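What the coordinates show
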Amino acid sequence: MAAFPWHARSRNYVSESDVCKLESVPLDFGDYHPLKPITVTESKTKKMSRKGSTSSTSSSSSSSMMDPLSSVLDGTDPLSLFAAAADPLTTAASMDGVRKKRDKDDSSALGSDFEQWSSKRGEILARYTTTEKLSIVSGSSSRKATTSGSAVSEKVRTRLEELDDLEEGSQKELLNLTQQDYMNRIEELNQSLKDAWSSDQKVKALKIVIQCSKLLSDTTVIQFYPSKFVLITDILDTFGKLVYERILSMCMDNRVSLSDNFSPETVNDTAKETCLNWFFKIASIRELIPRFYVEAAILKCNKFLSKTGISECLPRLTSVIRGIGDPLVAVYARAYLCRVGMEVAPQLKESLNKNFFDFLLTFKQIHGDTVQNQLVVQCVEIPLYLTLYSPAIDWILQCIAYRAPEILLTEMMERCKKLGNNALLLNSIMSAFRAEFIAARSMDFIGMIKECDESGFPKHLLFRSLGLNLALADPPENDHLQILNEAWKVITKLKNPQDYINCAEVWVEYTCRHFTKREVNTVLADVIKHMTPDRAFEDAYPQLQSIIQKVITYINDFSLLFSVEKFLPFLDMFQKESVRVEVCKCIMESFIKHQQESTKDPVILNALLHICKTMHDSVNALTLEDEKRLLAALINGFIKMVSFGRDFEQQLSFYVEARSMFCNLEPVLVQLIHSVNQLAMETRKVMRGNHSRKTAAFVRACVAFCFITIPSLSSIFTRLNLYLHSGQVALANQCLSQADAFFKAAVSLVPEVPKMISIDGKMRPSDAFLLEFLCNFFSTLLVVPDHPEQGVLFLVRGLLNVIQDYTWEDNSDDKVRIYTNVLHLLSAMTQETYIYHVDKVDSNDTLYGGDSKFLAEISKLCETVIAQILDHLKTLGKEETLKRQSQLALYFFNTILAHGDLRNNKLNQLSVNLWNLAQKHGFADTKTMVKTLEYIKRRSKQPDMSHFTDLALRLPLQSRT
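Throughout, a residue's number is its position along its own chain's written sequence, starting from 1. Restriction of local features to residues with pLDDT of at least 70 applies here, the model being predicted, together with a cutoff of 80 or more for giving and counting side-chain atom pairs; totals for whole chains, interfaces and linings are based on all residues. Values reported for side chains reflect all heavy atoms of the structure, with hydrogen atoms and water molecules removed beforehand.

An unreviewed UniProt entry lists the protein chain under the name VPS35 endosomal protein-sorting factor-like, from Chrysolophus pictus. As its UniProt record puts it under Sequence similarities (unreviewed entry), the protein chain is described as follows: "Belongs to the VPS35L family." UniProt positions are given in the numbering used here, feature names are shortened, and annotations may be inferred rather than shown by experiment.

Put into structure tokens, the structure is as follows:
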């Protein structure tokens, strides 16, 4: 094949740049401003029938568009109404939408600041557990068949008999159930209730609810009672909702449901009769506890009967509870009534208050003989027994205290004093009322806590509750120190490490909020003193973590934080590696978030290096990639915040130390290389490019750091890019031999690039990444001067050899695209003055000065490259690769057009051949070809470009056919 000599056209980059600049045109914006609101003008066009059609256009700037059809129909679409009437699913969906809206409205009546029962449910179930065996009464699921033709009286009698069956031995008792078995059985009953209801077995559903309600009178395993209450009331809630929705569905008139605030007068007679029927059924339940709970569950249904139904029922049900003898059972019944009352009538606070005052009157029963005997039988201590009351009393008081005036707290405190400052009650008052009210009376509460009897309810729990309030609201400023002293006197005397840490955790926040590092240090020292003996800290990691979190939340100045003498010894208590790492991550996140300025404080650096080293050393073969990324990001955040100012040598020493400490985290090593490169460039900036002997040696030390570190990285493209980047930095600092070393290393690494690489856990072809890297590399090689002992363009030749020997995919044209980019580079190298330079580095245009031998070497290289490109185009002559051939031919044609001197006849003929080849088999994009030809014609009108006119005449446009 005949060789095609390459003749690059000479370029005047300055004039080309001027030609390519956009013409500046003065703009008059007038009233327009990009931040002004945009007014959209809507254009409406009405089209009449085709025959004699006329059109009228009207403009409107209205902000809202109105559909004329919808306005005529007044919001009701008759087709939708007919469809709804024909499709029961539509009706069900409509009811579901109404139900969801109602539920939302009911909950919003209380406001978002009211803590719902659902948020307490999980905590109660987790806290009140048992290992003892439980029993449950399971009812018979049989149902007597009735004939469709039976009389109404017969049907009623049958239903009453079924209801009586429950109390006449149709149930069996399941014994020796574990707690989990018991919970599973309750869940089965809940599901049975829903199944019975959906299959229209309403009596069976009621029997299940009565059966479950009876379980609430059983206190044989007393420590499980609060959890049992939660499980059973879930079933009651389900039943109450089913009944209410059933009656509500009967109120729909012409498929339109009742409004949200309906009145009993709008309820039809059928719905009212059904509602009364339910209340009569429940009234016939013989036992007090199931009758109370089931009626309370459907309390909301009173809305269908009368406006005053709920307000009349609440006081009556409150009085009914007086008939329950067991004080624990009674207090949970009161809690359920408060819960239902707050859902359906939150405005009726008087009934809730009466409910609580009734409880206070019967409070002495707790210490009566009956209860004491029961506790002896079950081997339950009085302190444990009293904690069983907490969920119920807390809930009742929360309902009473919700948006209550401050005077109510004063009243409650007085009543508490009359009961001898009962600790259980006092604890619930502090939990229920707003933190601001409690904080304002902190000293009063401390006085009451001191006078409490400690035998039943420990004082440290009271101080913990007080501390929780003081974490949310500030007490009077004059009382700050006295409050802390009074509380810590009690807390520090606690012998049980778990009791101690539970209290200390709360009061650490109060100390951090209101005192200096001296007091914080004293508290931390006291915690260390209590938790170190017998390694008690091992059972208190969550509380200790919480303390660290609170300290770093309130002390954002890390120089101040690490000057707290006991802070680092406190960290030493985290002996378990996983917990220690979590704490270190927490500290580093806080540092990165709050540290605004870079630091060189030795106290901070030593402490954080120790913390980062702890995180780094936790990495092993089993550590997840996400965890490694997170740890590396935190360590990198710290490295970026370290600055020694103009003391560059100290900065480099820090990076060297960091490299030795964090060698197992690759992203950290990458960050260190970038930081050292940046340090070298900052040195150059300070010296304004004129290095002294000292700074030149320092920059070489930075370059050596990078050269030594890069090979330790595993990602091959990371290494390639860092070699290139570091070589550019070395070149900018006139370290020419070091820059050559980097570029040689990059060239020698290219053959090792695998065909597939892992990206985000997925294997991808590496060709595109290699092509991108080599294009960047070529751009740098333009300004790299030749080594005097290595020959002309030794780096370019070496890279071309590597590209030639690299095994490319059979279906890939990247090799040719790379060769085409090499032509771009070689063309730029033939110019008298290069398009860009590195300051104070003489490139080949200066070294060779346009020497003919140098240009001849470039021409030989170009011939070799062109031959390789044409050979590859020949191999694409098969039918299945013709499209690729067309694309590459046009790509090469554009390269010759941009960089070649087309006054050379051979190059001109080659370009015509490539143009014809691109169109030969009909795979060329016609639009692209047309635009290319138009470009050539435009270029022909420029000075010294007349030869483009002849070229344009020789480039025919062929149709695809």
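Observations concerning the overall build of the protein chain
Note on conventions: DSSP H or I runs of at least 4 residues are helices, E runs of at least 2 residues are strands, and numbering of each starts at the N terminus. Counting its secondary structure elements, the protein chain contains 45 helices and 6 strands. Note on classification: 1.4 Å probe, protein chains only; a residue is buried when its accessible area is under 20% of the maximum for its type, exposed when over 50%, partly exposed between these limits. Counting every position in the protein chain, which comprises 961 residues, the buried fraction comes to 48%. Any two residues whose heavy atoms approach within 4.5 Å are treated as being in contact. Pairs at least 24 apart in sequence give 73% of the contacts found in the protein chain among residues at least 6 apart. Using a 1.4 Å probe, the Shrake-Rupley method yields the accessible areas, and only the shown protein chains count as cover for residues. Roughly 49600 Å² of accessible area belongs to the protein chain as shown, and the carbon and sulfur atoms make up 52% of that amount.

Regarding the packing of aromatic side chains
Paired rings are identified among Phe, Tyr and Trp, the last through its six-membered ring, by centres lying within 6.5 Å, and are further divided according to the angle between planes into stacked (under 30 degrees), edge-to-face (over 60) and tilted (the rest). Considering all chains together, one arrives at 38 aromatic pairs under this definition. Each ring, one from Phe 743 and one from Phe 777, has its centre 5.8 Å from the other, and the planes form 45 degrees; the classification is tilted. Taken together, the positions of Phe 743 in helix α36 (residues 736-749) and Phe 777 in helix α37 (residues 767-781) put the pair 34 residues apart, joining distant regions of the chain. The residues Phe 743 and Phe 777 share a single accessibility class, namely buried. Here a set of aromatic residues connected by ring pairs shows up, and it is made of Phe 114, Trp 117, Tyr 225, Phe 229, Phe 292, Tyr 293, Tyr 332, Tyr 336, Trp 395 and Tyr 402. Geometrically, a charge over a ring is one whose NZ (Lys) or CZ (Arg) sits within 6 Å of the ring centre while staying within 35 degrees of the ring normal. The ring centre of Trp 197 lies 4.8 Å from the NZ or CZ of Lys 202, which sits over that ring. One residue, Lys 755, lies across the ring of Tyr 806, its end atom 4.5 Å from the ring centre.

Things to note about unusual backbone geometry
Most peptide bonds adopt trans geometry, and most residues besides glycine take a negative phi value. Of note, Arg 403 is a non-glycine position whose phi angle comes to about 55 degrees, a positive value. Residue position: Arg 403 is located in the loop between α17 (390-401) and α18 (406-418).

Section: the pairing of strand β5 (residues 756-759)
Sheet topology places β5 next to strand β6 (residues 762-765); 4 bridges connect them, and they run antiparallel. Residue pairing for β6: Ser 758 is matched across the bridge by Met 763. Here, strands pair whenever DSSP counts at least two bridges between them. Counted along the chain from β5 to the antiparallel partner β6, the turn is 2 residues long, and its residue Asp 760 has a positive phi close to 55 degrees.

Some words on the environment of Arg 434
The topology assignment puts Arg 434 in the loop between α19 (423-432) and α20 (435-440). For Arg 434, a relative accessible area of 46% corresponds to the partly exposed category. Separated by 25 residues in the primary sequence, Arg 434 and Leu 409 place their C-alpha atoms 9.3 Å from one another.

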